[in-house]
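Spelled out from the first residue to the last, the chains are:
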Amino acid sequence: MVNSDSTRIAFVGDYLPRKCGIATFTHDLSKAVAAGAECLVVAVDDTEAGYDYPPEVSFQIAEQDLSSYRRAADFLNFSNVDAVSLQHEFGIYGGQSGSHILAFLRDLRIPVVTTLHTVLKDPDASQRRVFDQLAGLSARLVVMTERSREMLRTIYQVPDEKIDLIAHGIPDVPFPDPAVCKDQFGVEGKRVGLTFGLLSPNKGVEHVLQALPAVIREAPDFVYLILGATHPTLTRSEGEKYRISLERMAKELGVQKHVIFYNRFVELEELTEFIGAADLYITPYLNPAQAVSGTLAYAFGCGQAVISTPYWHAEELLAQGRGVLVPFADSAALGQEIIALLKDDPRRNAMREQAYRLGRGMTWNHAAQAYLAAFAHAKENSAQATKPLAVRTLEETPLDLPRISLEHIWRMSDSTGLLQHACYSIPNNHEGYCTDDNARALVLTVLLEDLGKDSPQMHAAASAYAAFLNYAFDPKILRFRNFMGFDRRWLEDDGSDDSQGRAAWALGTCIGRSRRRTFQAWAMQLFHQALPACEATTSPRTWALALIGIHEYLRRLSGDRMVNQIRHSLTEKLIDVYQRTATEDWPWFEESASYNNAKLSQALILSGRWSGNKKALEIGLHSLQWLADLQRSPEGRFRPIGCNGFSRRGAPPAIYDQQPIEAHAMVSAAIEAFNAVGDKAWWELAHLAFDWFLGRNDLGQPLFDASTGGCHDGLQENRVNENQGAESTLAFLLSLAEMQLLENSMAAFQSSHPSSLNGRHESVETPGVIHAT
């Protein structure tokens, strides 16, 4: 036993009361290890509010906030911790393929023992990059099955001496007598089949229900107990849709008297009582590549006869007759084996006794001793134990970004949509609403969804913005109206060309990025009706905005022939106007550079990159570089072209009034240029343009107002415009969201290219298509 005075272990991962299998594992393991060491916990939150954690949780990480991972590393570096026990599963950490956890590991100077809850046989490129870095930054890797250990050796080339095989821990309980345990659940005199764990479609419960009619004919006293709450992620996206469908299925099958749903996340003591009341345990899971199942380990180790589909953990644990394996999604086979075990008491009891006997070596006490040995080994042998304190210069770290505050946007929104203007920070009802701003606001909500910042309030606001666009569309002329009075009456029959393009941008973003199927379906129908009107205009900015919307659309539906044809047409239109206007000293699309300028370059960079049009990409990059040079002050700051005169060929650009929309356009375009060619100069330009909002401008005054969450309407010659309208605030918030997504992508990229910011490198964005399902 390790002396608790000399050993201090930090556990990092999901933690109770979060409803998650890894949260339960982290809790049970830390409690077991606490008998031989002092323990503290760093918990990962998947909601903004977090959870009401017990006292051992000393620090919380916001899942999607990259900086909080670095703060957690700093916290542990100064906490006299001897080793870190990291729980790893790709889905519980932020960033692409969970790459945010690598920032934590890079800053940590304490040896790390990583428990792998998933080992993928066929990882995609992003998952492989993250895993290879994770393995390299870990002193030791713990797996729970022999198969997982062999995969680490052969697929990932992890040295055998770095791997520990420690079975999933289980509670140490007496061998149960089902007859005694059944009374407390009201199933005395019944034979009970049990499935427990967080409910979701991949658990395959429907196949057990479909087997029940045959089972009940042979065993009329049989009841099937489904124990566990619906998975929280599923309830957030679909509510209780899956559970309700199972209940309806049971009724249609006529087995409702033989099915019990116990819709709760039960604690360990109550769980062991449920296990004790069962005659057999059923795991009909549908994913063969499930490396470990805590519910299977608990049921087996507590002495249950188990019928399971042959996922990896079950194949190994139930081999040599220790349980029964049936094919995936085979209700007939499930029914036959349930009947066979119910009719053969000696065989079933022998299975139970063998499982219980083997389970004595799987108790949490045994697991804790094995983990303490792994921690000691890691501390003695890991170079990480002497890694110097992670202190970096500003050149080596990304600049901090402000916190996203939606306070002013909520203030400007009502059930109709987003109001256009404000008097200072007070909504100006007199000016009403417009399609332009509601389209921008809808894009913002989808980007925030990408950042994991979804909430019921944001969902309601997004619905209002979408409803505004839906009402703005006139199906007779296939165009959007733009301006609406506060009395909800349209002030025009047809909106500006720009509003058509912005609406197309918003609709494409809903289709390509939103996880809400209803938003995708609604937006797709409207997008197809509205897109041809964008092609029919003569406005280059409308073409550009539509091309950006098309790019977003094609992220999910790349095979759409009509949309691809319109992309080609609009790209050629932009190339044509550029070639007819541009000269060596004026490489631009028009005789003047007016407003929202960088969108023109951004559209060609996107279309050129993703359609393979080299000419479009070249023009986009060249024109953006010229525009960036034009919009730079002698002091090297970003200086947007002023709207009081703009910039005409042969004349100096107007300096004032500088508008937030121009800074946002440059942020977006610079990010796309960086994604396309990987040149650090574009990354720095995106930061330079964003810093204009924060006071790195001609007046040295911030446009972003942290006290209200709003953004001032412009920079005038001697002051800022104090009004905080929708366009300005959205320009800032969209820029901030895009910068955060950029930093997340950079973290993922640096996971496999640690020195990538020392000049030029490949794109941080992996080309590919997300197909509709």
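Fair warning: this is a prediction, and the values are worked out from it, not measured in the lab.

Peer 1: Please provide a residue-by-residue account of the packing of aromatic side chains, values included.
Peer 2: This structure, assessed with the given rule, holds 27 aromatic pairs. Relative to Trp 522, the ring of Phe 519 has its centre 6.4 Å away and its plane inclined at 65 degrees; by these criteria the two rings are edge-to-face. Here Phe 519 and its partner Trp 522 are both found in helix α20 (residues 517-536), 3 residues apart, which amounts to about one turn of the helix. Accessibility expressed as a relative area gives 18% for Trp 522, which makes it buried. Relative to Phe 732, the ring of Phe 693 has its centre 5.4 Å away and its plane inclined at 70 degrees; by these criteria the two rings are edge-to-face. On the criterion of sequence distance, the pair formed by Phe 693 in the loop between α26 (680-691) and β22 (704-705) and Phe 732 in helix α27 (residues 726-750) is long-range, its members being 39 residues apart. The same class applies to Phe 693 and to Phe 732, which are both buried. By way of ring pairs, the aromatic residues Tyr 433, Phe 468, Tyr 471, Phe 486 and Trp 490 are connected into one cluster.

Peer 1: Residues and numbers for the domain arrangement of the protein chain, please.
Peer 2: Along its sequence, the protein chain is organised into domain 1 (8-169 + 366-383), domain 2 (178-360) and domain 3 (406-749). Its C-alpha centre places domain 1 at a distance of 30 Å from the equivalent point of domain 2. Of the residues lining the interface, 22 residues belong to domain 1; the matching set on domain 2 comes to 15 residues. With both sides pooled, the region where domain 1 packs onto domain 2 buries about 1500 Å², and carbon together with sulfur makes up 60% of that total. Counting the surface domain 1 buries against domain 2, the share from its top three residues, Lys 19, Arg 147 and His 168, is 37%. There are 1 salt bridge connecting domain 1 and domain 2. For Arg 147, the salt bridge goes to Glu 315, with nearest N and O atoms at 3.1 Å. Elements supplying a minimum of two residues to the side of domain 1 that touches domain 2: α1 (21-33) and α5 (146-154).

Peer 1: Which residues make up the pairing of strand β5 (residues 112-116), and what values go with them?
Peer 2: In terms of burial, β5 is a largely internal element, 5 of the 5 residues being buried. Of the two faces of β5, both are covered, the one formed by Val 112, Thr 114 and Leu 116 as well as the one formed by Val 113 and Thr 115. Where strand β4 (residues 83-88) meets β5, 5 bridges bridge the pair, whose relative direction is parallel. The residue of β5 that forms the bridge with His 88 is Leu 116. Each parallel crossover has a hand, and the one from β4 via helix α3 (residues 100-107) to β5 is right-handed. With 3 bridges connecting them, β5 and strand β6 (residues 140-143) associate as parallel partners. Following the sheet pairing, Val 113 is matched in β6 by Arg 140. This β-α-β element, β5 to helix α4 (residues 125-137) to β6, shows right-handed connectivity.

Thresholds applied
- Sequence positions are assigned chain by chain, starting from 1 and proceeding in written order.
- Local features in this predicted model are restricted to residues whose pLDDT is 70 or higher, and side-chain atom pairs enter the listing and the counts only when it is 80 or higher, whereas totals over whole chains, interfaces and linings include all residues.
- Computation of side-chain values covers all heavy atoms of the structure but excludes hydrogens and water.
- Only Phe, Tyr and Trp rings are paired, with Trp represented by its six-membered ring, and only when their centres lie within 6.5 Å; those with planes under 30 degrees apart are stacked, over 60 edge-to-face, the remainder tilted.
- Strands here are runs of E lasting at least two residues and helices are runs of H or I lasting at least four, both read from the DSSP assignment and numbered beginning at the N terminus.
- Under the scheme applied here, a residue whose accessible area is under 20% of the maximum for its type counts as buried, over 50% as exposed, and between as partly exposed, the area being computed with a 1.4 Å probe on protein chains only.
- A domain assignment, automatic or from a database, supplies the domain bounds used here.
- Contacts are assigned to residue pairs that have any heavy atoms within 4.5 Å of one another.
- Defined in terms of a 1.4 Å probe, buried area is the accessible area two parts forfeit on being brought together, summed over both.
- Whenever Lys or Arg places a side-chain nitrogen within 4 Å of a carboxyl oxygen from Asp or Glu, that contact is recorded as a salt bridge.
- Note: two strands are recorded as paired if DSSP finds a minimum of 2 bridges between them.
- By convention, orient the strands away from the viewer: a clockwise path from the first strand over the helix to the second makes the crossover right-handed.

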